[in-house]
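One letter stands for each residue in the lines below.
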Amino acid sequence: AQTIHQWPVAEIKAVGSPLSLGCTIKGKSSPNLYWYWQATGGTLQQLFYSITVGQVESVVQLNLSASRPKDDQFILSTEKLLLSHSGFYLCAWTRDWGNYAEQFFGPGTRLTVL
Amino acid sequence: GDSVTQTEGLVTLTKGLPVMLNCTYQTTYSPFLFWYVQHLNEAPKLLLKSSTDNKRTEHQGFYATLHKSSSSFHLQKSSVQLSDSALYFCALSGGNNRIFFGDGTQLVVKP
């Protein structure tokens, strides 16, 4: 069975400080991975997706960057946090069924920027 | 391009009443539709999915029917409970292995 983990569970950071959020999936080789951002009670904003190691596509950057250093790992980062970065960050992977994809979410990281 | 539209941002109902949350989509591919439910401070979880035209799919008392003629996949329940209060997302996957989410509908069930 596939499991997806995100770390940390929650972060409180100062404006201007750096950030690194991680996502690891186990039990699935070469997964398609996604990063989403969500304001409290808001829509799911897709940020980045990656279909293979070393390759990341940007959907909406929001002054963030992403990397795929390993097959099972997806990292979201920034050198300088903004107040607007506060929210819920979700990592997701997709199960491909040929011509469609089913998406599964990790538990998320709650980020508060002060 | 592919897109999903959820017309209601907020739906407030009294416990025991029926509910329908609207979802329409646009795609040039053969569509696969999903409903996700997200409770407070949790990740979205898959509730329903379908790619079969005019066939009702059910789970946990919720049901939906994909109608390709009207490009719709509305979510329904005959009697809502307090525990159904959550954010509901409709999502579309087409032939390019991408998935697109609607803006979500917040369902609030009152006693």
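Located above this text is the structure these notes cover.
None of the values given here were measured: they were computed from a predicted structure.

Draft legend 1. Local environment of the overall build of chain A. A tally of regular secondary structure across chain A gives zero helices and 11 strands. What you see in chain A, going N to C, is helices and strands ordered as β-β-β-β-β-β-β-β-β-β-β. A compact globule built from 114 residues would reach a C-alpha radius of gyration of about 13 Å, and chain A, at 14 Å, matches this within 12%. The principal-axis extents of the C-alpha atoms in chain A amount to approximately 45 × 30 × 25 Å.

Draft legend 2. Here's a closer look at the environment of Trp35 of chain B. Residues and elements named next belong to chain B. Looking at the element boundaries, Trp35 is found in strand S5 (residues 32-38). When the C-alpha atoms of Trp35 and Cys23 are compared, they prove to be 9.2 Å apart, with 12 residues separating the residues in sequence. Looking at Trp35, its side chain comes within polar contact range of the main-chain oxygen of Phe73, at 2.8 Å.

Draft legend 3. Looking closely at the sheet that holds strand S1 (residues 3-7) of chain A. Residues and elements named next belong to chain A. Strands sit in the order S1-S3-S8-S7 across an open sheet of four strands; the sheet is antiparallel. Only two strands of the sheet have a single partner each, and these edge strands are S1 and strand S7 (65-70). With direction set aside, neighbouring strand axes in the sheet form an average angle of 20°. Examined bridge by bridge, S1 and strand S3 (residues 19-26) share five bridges and lie antiparallel to one another. Looking at the pairing, Trp7 lines up with Gly22 of S3.

Draft legend 4. Representation of the pattern of salt bridges within the structure. All told, the structure shown has six salt bridges over all chains when counted by the stated rule. Residues Lys26 of chain A and Asp72 of chain A are paired through a salt bridge, measuring 2.6 Å at the closest nitrogen-oxygen approach. Taken together, the residues span a long stretch of sequence, with Lys26 of chain A in strand S3 and Asp72 of chain A in the loop between S7 and strand S8 (73-78) at a distance of 46 residues. Among the ionic pairs, Asp84 of chain B bridges to Lys77 of chain B, the shortest N-O distance being 2.7 Å. Residues Asp84 of chain B and Lys77 of chain B agree in their burial class; the two are buried.

Draft legend 5. Summary view of the side chain of Gln38 of chain B. For Gln38 of chain B, the location among the structural elements is in strand S5. On the accessibility criterion, Gln38 of chain B (6% relative accessible area) is buried. At 2.9 Å, the side chain of Gln38 of chain B forms a polar contact with the backbone oxygen of Glu42 of chain B. The contacts of Gln38 of chain B, once residues within four sequence positions are left out, are Gln38, Phe88 and Leu90 of chain A together with Ala43, Pro44, Ala86, Leu87 and Phe89 of chain B.

Draft legend 6. Structural detail: the sheet that holds strand S9 (residues 75-77) of chain B. Residues and elements named next belong to chain B. Sheet architecture is open: four strands sit in the order S3-S9-S8-S7, paired in antiparallel fashion. Bordering the open sheet on either side are strand S3 (19-21) and strand S7 (56-59), each of which pairs with just one other strand. Between one strand axis and the next, the sheet turns by 20° as a mean value, whatever way the strands run. With three bridges connecting them, S3 and S9 associate as antiparallel partners. Paired with Met20 across the bridge in S9 is Gln76.

Draft legend 7. Spotlight on the side chain of Thr105 of chain B. Residue and element names in this part refer to chain B. As for its placement among the helices and strands, Thr105 is situated in strand S12 (residues 105-110). Here Thr105 falls in the buried class, since its relative accessible area comes to 0%. Separated by 3.3 Å, the side chains of Thr105 and Gln6 make a polar contact.

Cut-offs used in this document
By convention here, each chain's residues receive numbers from 1 onward along its written sequence. Going through the entries in the order they are written, you letter the chains from A and number the ligands from 1. With pLDDT at 70 or above as the cut-off, local features in this predicted model cover only qualifying residues; side-chain atom pairs require 80 or more to be listed or tallied, and sums for whole chains, interfaces and linings still use all residues. For the side-chain quantities, the full set of heavy atoms in the structure was used; hydrogens and water were omitted. Put simply, DSSP H or I for four residues or longer makes a helix, DSSP E for two residues or longer makes a strand, and each gets a number counted from the N terminus. Two things to know: the radius of gyration comes from C-alpha atoms, and the globule rule equals 2.2 Å times the number of residues to the power 0.38. Here a polar contact is recorded for every N or O atom pair within 3.5 Å, except that within protein the pair must consist of a potential hydrogen donor and a potential acceptor, and residues adjacent in sequence are included only if both atoms are side-chain atoms. Pairs of strands are assigned from DSSP output, requiring at least two bridges between the strands. Throughout, an axis means a line fitted to C-alpha atoms (over the contacting stretch in the case of helices), and angles, computed between N-to-C directions, take values from 0 to 180 degrees. Any Lys or Arg side-chain nitrogen found within 4 Å of a carboxyl oxygen on Asp or Glu counts as a salt bridge. Three labels apply to residues, based on accessible area from a 1.4 Å probe with only protein chains included: buried if under 20% of the type maximum, exposed if over 50%, partly exposed otherwise in between. Two residues form a contact once any of their heavy atoms are found within 4.5 Å.

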